[in-house]
Amino acid sequence: KGSRLTAVTARGGRIRAAGWTAEVLTRLHQEVPDFSRSLRIVSSVSGGSVGSMYFVGAFAGPDGPPPETLEDIRQLAVRSSLNSVAWGFSYPDLWRTFWPFVPESAPDRARTLELAWARDWPGRAQTLAQWRDDATTGRRPAVAFNATVVETGRRLVFGSFDMKPVARTRRMRTDTFDRIYPGRDISVVTAARLSATFTYVTPVARARPEDPTPLQVAEGGYQGDQGVGTLVDWLDTALGGAAPVDENGAACAGRLRVAVVLIGSLEADSPGRNRSWAFQMGAPMVTLLNIRSAGPKARNDMGLELLAGVRGRVGGICFTYANDDSPLSWHLSEAQKQKIRDAWKDQAEPRQLLDDFLHGRRDAPPTCPR
């Protein structure tokens with residue numbers, strides 16, 4: 001029935017997204033045999049990058065994280081780090097505003113956020129170069145922490161794989177850290193934080209002033225809040241740009257199929273209503289803000305649909321979190337943490353779809369409504 005692989009995209013949304021991403025990935029590892037062994041790449045944004053960092057960081061080989069680490073992954077992903085951000089903002093960052101002699105080596109709120117994520121995490125010293133070596137040897141899946149270049153608005157990927165030019169155009173659709181800064185390495189925690197550089201909560205990051213390419217980096221949600229764009233580029237390379245052939249030159253498009261696990265939250269459509277004339281003053285700004293989320297989602301859908309149509313081998317399975325009252329910050333109450341845990345009970349249908357696909361009970365990759 002051919003090879004069957006999985007890929008994952010994880011949506012942003014600060015600590016809520018981190019918790020939901022960790023919940024879905026660890027539960028799939030527990031309940032769907034061969035899920036982790038079939039997993040090839042995790043492309044994530046913002047809080048989704050934090051949850052996927054803890055999960056991928058726990059891999060001890062191709063079979064995935066050991067069973068005793070799964071609860072720790074879930075706990076780390078929902079652990080509050082808001083106090084660390086507040087301390088960094090109130091002390092070193094605020095002092096920098098009024099007192100220019102604060103040394104650059106003093107931690108800012110971004111650095112204190114990283115330290116909070118790394119505290120008591122066994123993988124805190126790991127780097128992207130180490131993860132690249134592990135992905136090459138099959139010890140762990142590849143990762144793509146998606147960010148945005150401030151100066152150009154282009155997607156910037158901190159990845160543990162080689163991004164190649166698109167076969168048809170020979171052009172790069174995505175900027176990558178290793179291409180812009182060849183020979184450099186970066187901590188995995190820092191890469192996840194750069195993907196989650198939420199406006200004003202953490203400052204836009206910049207390269208060292210002496211660097212020949214002093215780009216500034218913001219979170220990946222500006223480009224797309226799901227990480228699908230990078231995954232489409234990766235799949236386009238993995239699937240060869242055209243149907244592969246066997247040793248006799250015969251097409252064998254049916255041999256490799258990919259199920260894309262899309263982890264995100266379910267957003268209700270805002271109902272329309274009659275507005276007064278005063279609404280005209282703010283309508284252009286409201287439209288721009290709504291396009292910021294609707295535009296990337298449309299591109300995500302189009303990319304996956306084109307791959308599914310051209311290749312006939314790609315389908316998406318959605319794991320959505322509908323309890324959308326959690327804060328878009330870095331703190332959850334115990335009740336909000338419990339809602340994330342309880343939301344897994346509503347995922348029986350997509351979990352079964354993935355199980356059926358991986359074990360040959362379903363021939364084509366499924367596609368869920370988005």
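The notes below deal with the structure included here. Treat the numbers as computed from the prediction; the structure is a model and nothing was measured. (Residues numbered from 1 in each chain as written. Predicted model: local features only at pLDDT ≥ 70, side-chain atom pairs only at ≥ 80, totals over all residues. Heavy atoms only, no water.)

1. Quick look at helix 1 (residues 14-31)
Its 18 residues give helix 1 an end-to-end C-alpha distance of 26 Å, which sits within 8% of 26 Å, the value for a rise of 1.5 Å per residue. Burial analysis of helix 1 places 15 of its 18 residues in the buried class, the great majority of the element. (Helix = DSSP H or I, 4+ residues; strand = E, 2+ residues; numbered from the N terminus. Expected span 1.5 Å × (residues − 1). Buried < 20%, exposed > 50% of the residue type's maximum accessible area, 1.4 Å probe, protein only.)

2. Here we look at helix 6 (residues 109-118)
Of all ten residues making up helix 6, eight are buried, and the element is well covered by its neighbours. Positioned one or two residues after helix 6, D120 has a phi angle of 65°, which is positive.

3. Focus: the nonpolar core
Ranked by size, the top nonpolar core spans 64 residues in total, and within it L28, F35, M53, Y54, F145, F158 and L354 carry the most contacts. With seven residues, the top contributor of residues to this core is helix 1. Contacts of M53, omitting those with residues within four sequence positions, involve W121, W131, F145, V188, V189 and A192. Among the nonpolar cores identified, the runner-up in size contains 17 residues, and I41, L231, W234 and L235 belong to it. (Core = buried A, V, L, I, M, F, W, Y, C linked by side-chain atoms within 4.5 Å. Contact = heavy atoms within 4.5 Å.)

4. Some points on the packing of helix 1 against helix 12 (residues 334-343)
Relative orientation of the contacting elements helix 1 and helix 12 amounts to 35°, with a least axis distance of 10 Å. Helix 12 is crossed by helix 1, and the crossing has right-handed handedness. Here helix 1 contributes R16, G19, W20 and E23 to the contact with helix 12, which in turn contributes I340, R341 and A343. Considered class by class, the residues forming the contact of helix 1 with helix 12 number three nonpolar, one polar and three charged. (Axes fitted to C-alpha atoms, helices over the stretch in contact; angles between N-to-C directions. Left-handed = near helix turned anticlockwise from the far one by under 90°. Nonpolar A, V, L, I, M, F, W, Y, C, P; charged D, E, K, R; others polar.)

5. With respect to the pairing of strand 3 (residues 142-149)
For strand 3, the buried fraction is high: eight of the eight residues fall into the buried class. Because side chains alternate across strand 3, one face comprises the buried residues A142, A144, N146 and T148, and the other comprises V143, F145, A147 and V149, equally buried. Here five bridges tie strand 2 (residues 39-45) to strand 3, and the two strands are oriented parallel to one another. Bridging from a neighbouring strand, I41 pairs with A142 of strand 3. For strand 3 and strand 4 (residues 155-159), the ladder comprises five bridges, and the chain directions are antiparallel. Within strand 4, the position partnered with A147 by the bridge is L156. In sequence, strand 3 turns back onto strand 4 through a hairpin of five residues, with G153 there showing a positive phi of about 80°. (Pairing = 2+ DSSP bridges.)

6. Concerning the pattern of salt bridges
Any two side chains of opposite charge can pair, so long as their charged atoms come close to each other. Counting across every chain of the model gives 19 salt bridges. The shortest N-O distance in the salt bridge between K345 and D342 comes to 3.6 Å. Of the residues examined, D342 reaches a relative accessible area of 31% and is grouped as partly exposed. Put simply, E31, R351, D355, D356 and R361 are held in one network by salt bridges that share partners. (Salt bridge = Lys/Arg side-chain N within 4 Å of Asp/Glu carboxyl O.)

7. Considerations on the packing of aromatic side chains
Counting across every chain of the model gives seven aromatic pairs. Ring geometry for F55 against F59: centres 5.4 Å apart, planes inclined by 85°, an arrangement best described as edge-to-face. Ring geometry for W131 versus F145: centroids 6.5 Å apart, planes at 45°, classification tilted. Of this pair, W131 sits in helix 7 (residues 128-137) while F145 sits in strand 3, and the two are 14 residues apart along the sequence. This pair shows no difference in class: W131 is buried, exactly as F145 is. An aromatic cluster of three or more residues is present, and its members are F158, F177 and Y181. (Phe/Tyr/Trp six-rings, centres within 6.5 Å; stacked < 30°, edge-to-face > 60°.)

8. Overview of unusual backbone geometry
The backbone of S46 sits at a positive phi, close to 55°, despite the residue not being glycine. Counting through the fold element by element, S46 comes out in the loop between strand 2 and helix 3 (47-57). At D120, a residue that is not glycine, the phi angle is positive and equals roughly 65°. As for its placement among the helices and strands, D120 is situated in the loop between helix 6 and helix 7. By relative accessible area, which is 62% here, D120 ends up exposed.

9. What to know about the environment of G221
Position of G221 relative to the elements: it lies in the loop between strand 7 (216-219) and helix 10 (228-238). For G221, a relative accessible area of 7% translates into the label buried. Sequence separation between G221 and G47 is 174 residues, and the spatial gap between their C-alpha atoms is 9.9 Å.

Take it as geometry only, folks, not as evidence of what the structure does.
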